[in-house]
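Overview (structure and organization)
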Amino acid sequence: MLNRLFGVLGWLGSIFVFAAVGVWLVRPELEPLRRTLAFAGLACILVYGAGHWRQAARSFDRRQTRYGALAGAGFLLGLVVLVAVNYLLARQNTRWDLTAAQQYSLSDQTRQILEGLDSPVRILVFARESNFPIYQDRLEAYAYQSTQITVDYIDADRDPVLARQYEVQSYGTIVFDYNGRVERVLSESEQDLTNALIKVVEGEPQTVYFLEGHGERDPADPERNGYSTVSNALAQDNYQVNPLVLAQRTTVPDDATVVIIAGPQTDLLPGEVDALGAYMDRGGKLLVLIDPPPNGEAPTPVGLLRLIGDWGFEAGTDVVVDGSGMGQLFGADASVPIAADYPFHPITEQFNLLTAYPLARSINASAVPVPGRIPQSFIETSPQSWAEANLDELTGGEVELNEEMGDRPGPIAIGMALSVPAPNPASPSEAAAPEADGADAENQEDPGSDESSDPPESRLAVIGDSDFATNGIVGIQGNRDLFLNTISWLAQQENLIAIRPREPDDRRLTLTADQQRRVFWLSILFIPAAALGAGVYTWWRRR
């Protein structure tokens, strides 16, 4: 009778265990039921084993049973080691990206922003549960890089209240929540995710003005010579791009973070030069892109050259020629100097991409130094380059270094930058006025708090070419990143200075019709025929 009862308990325990596995597979949300069935089944099996301990002990007298027990013990020991190793690896998580294009690794800019987070960022993915794996690979890389990142996956159908709270309108919406600020994006690409992270962390966008009225590059022009590509890239980095016609106003707008003068074709008016000078004196940030002089004439525009000269810069009356042959990598000639090694500067720190500058002029420190204003180069061409002083030779197609005629051997600086304390900083009340508009009185900072803040800086960067950032050229290797890094440095947004995310390379294999036929016959006929022939040959040999 007792043996029959133990037998029933054994079968009942097995049924409970299989039922627990079935609940886990079919209804995983019923965890209490699954746990109860599993423990009940384990208890019944243990009782069954305890009731048959004599039979188990006698079975060990047989050699086959002992060997089986040793094999089972070895299997359990290996299983314990495997579980322990997985436990340790789970606590010490490490990732390796072995893909050729590093498509599962974050860009330098993304890592830099994540490492600089000082407050938690919550990322919420609103999608159907079946689509969660689409986002996990990328977002887990963000969470792996920073402990400040937490990622939650929400089924919008099961939690409509939270979806309405974050104003989610469609599946696949990714929400960034940081200190009460919210940014939404509908793409899982790194570029879009990082741009949303920048916007939610930085808050209100800063304003970049492009000077107009002198034939400068147009930031809204989508044609080859326009600047629409870099303008859109600035918007992604949380900058608001606006035009600035300085001839219609007496001062640079107070909300100007950076002013860009991109390749003016005519000279600036004296009033414009004075307005830009006053802007710089009170801590302004200015980027000047100035092309070589046309037809070998004296450097123009004179007013702009006088402005940068006041800050210790001098634009050479020359064109930089690159004799290294590196321009052939991009289908260009010697008139397109290539920069590969960069002097130490925050703009080009850890920057290792090639940049190209069609028809560039040299940029130098003033022959007569301006006290306290010594520019530092951040773009230099190769030692095989030189600054060609005789511009008429360029039209002949063949040029060579001739120092007796005024040519200067390389490396040649074509980009220089300067950062100095503002000579005439705005008073605290003037600086706070634009920020205080529309703000509540209790949110305004105490006037005395300005004493502990860093003094304002005047920053100026001058590059001897405006073509490198045009739509037709900016796609070359590092041109886009160098332009954006220069803006980030001028805006004192050093955390954005890095190599930015790029779209994955198109690595598809394209076959001609003949190649496709060869692959078809090779896989369908020749390889199976070779395997069959080898089998027949082996069979014949054995006979």
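For the structure, see preceding data.
A short tour of the structure in this document, coming up.

Analysis parameters
All chains use their own residue numbering, which begins from 1 and follows the written sequence. Only residues with pLDDT of at least 70 get local features here, since the model is predicted, and only at 80 or more are side-chain atom pairs given and counted; chain-wide, interface and lining totals rely on the full set of residues. Calculation of side-chain values draws on the structure's entire complement of heavy atoms; hydrogens and water are dropped beforehand. Simply put, an axis is a line fit to the C-alpha atoms, just over the touching stretch for a helix, and the angle between two N-to-C directions goes from 0 to 180 degrees. Secondary structure elements follow DSSP: runs of H or I no shorter than four residues count as helices, runs of E no shorter than two count as strands, and numbering proceeds from the N terminus. Any angle that is under 35 degrees is reported as roughly parallel, and any over 145 degrees as roughly antiparallel; angles of 65 to 115 degrees are reported as roughly perpendicular and all others as oblique. It is the rotation of the near helix from the far one that decides the hand of a crossing: anticlockwise by less than a right angle makes it left-handed, clockwise makes it right-handed. Should any heavy atoms of two residues lie within 4.5 Å, those residues are counted as being in contact. Any residue that is not Ala, Val, Leu, Ile, Met, Phe, Trp, Tyr, Cys, Pro, Asp, Glu, Lys or Arg is counted as polar, Gly included; the first ten are nonpolar and the last four charged. Salt bridge criterion: a side-chain nitrogen from Lys or Arg within 4 Å of a carboxyl oxygen from Asp or Glu. Burial classification: accessible surface area is computed with a 1.4 Å probe over protein chains only, and a residue below 20% of its type maximum counts as buried, one above 50% as exposed, and the rest as partly exposed. By definition, two strands form a pair when at least two bridges between them are found by DSSP. Pairing of N or O atoms within 3.5 Å defines a polar contact, subject to two protein rules: one partner must be a possible hydrogen donor and the other a possible acceptor, and residues neighboring in sequence count only if both atoms are side-chain atoms.

Running from N to C, helix α10 (residues 270-281) and helix α11 (residues 302-309) cross one another at 20°; their axes reach a closest spacing of 10 Å. Of the possible angle classes, the one that applies to α10 and α11 is roughly parallel. In the crossing of α10 with α11, the sense of the turn from one axis to the other is right-handed. In this structure, α10 uses V273, L276 and G277 to contact α11, whose residues at the interface are G303, L304, R306 and L307. Split by residue class, the contact of α10 with α11 holds four nonpolar, two polar and one charged.

Scanning the entire structure with this criterion turns up 11 salt bridges. Put simply, R122 and D152 hold a salt bridge, and the shortest N to O gap is 2.7 Å. Residue R122 is found in strand β1 (residues 121-127), and its partner D152 is found in strand β2 (residues 149-155); the two are separated by 30 residues along the sequence. Of the charged contacts, one joins D514 and R518 as a salt bridge, the two residues approaching to 3.1 Å between their closest N and O atoms. With D514 and R518 both in helix α14 (residues 513-542) and four residues apart, this pair spans about one turn of that helix. The partly exposed category is assigned to D514, whose relative accessible area is 34%. Owing to a relative accessible area of 58%, R518 belongs among the exposed residues under this scheme.

Read across the sheet, four strands follow the order β2-β1-β3-β4 without closing on themselves; strand pairing throughout is mixed. Every interior strand has two partners, whereas the edge strands, β2 and β4 (181-185), have only one. The sheet shows a mean angle of 20° between the axes of neighbouring strands, direction not considered. Its contacts with the sheet place helix α6 (residues 132-145) against β1, β2 and β3 (173-178), and it is angled at close to 165° to β2. Taken strand by strand, helix α8 (residues 190-202) contacts β1, β3 and β4, and its axis lies near 165° from that of β4.

The next subject is the side chain of R217. Position of R217 among the secondary structure elements: in the loop between β5 (206-211) and α9 (228-236). Relative accessible area serves as the criterion here: at 14%, R217 is assigned to the buried category. A polar contact of 3.2 Å, which involves the side chain of R217, links it to the side chain of S466. Here D467 takes part through its side chain, which lies 2.6 Å from a polar atom of the side chain of R217.

Structurally, E388 is set in strand β15 (residues 385-388). Residues E388 and R408, 20 residues apart in the sequence, show an inter-C-alpha distance of 7.1 Å. Among the polar contacts made by the side chain of E388, one reaches the side chain of W386 at a distance of 2.9 Å.

Spatially, β6-β5-β7-β8-β18-β17-β14 is the arrangement adopted by the seven strands of the open sheet, whose pairing is mixed. What marks the edges here is a single partner per strand, and that holds for β6 (239-244) and β14 (376-380). On average, each strand axis in the sheet is inclined to that of its neighbour by 20°, with strand direction left out of account. Both strand β7 (residues 256-262) and strand β8 (residues 285-289) contribute to a ladder of four bridges, which runs parallel. Following the sheet pairing, A262 is matched in β8 by L289. Sheet contacts for α9: β5 and β6; angle to β6, the most-contacted strand, approximately 135°. Against the sheet, helix α13 (residues 479-490) makes contact with β5, β6, β7, β8, β14, β17 (413-421) and β18 (457-463), and its axis sits at roughly 150° relative to β8, the strand it touches most.

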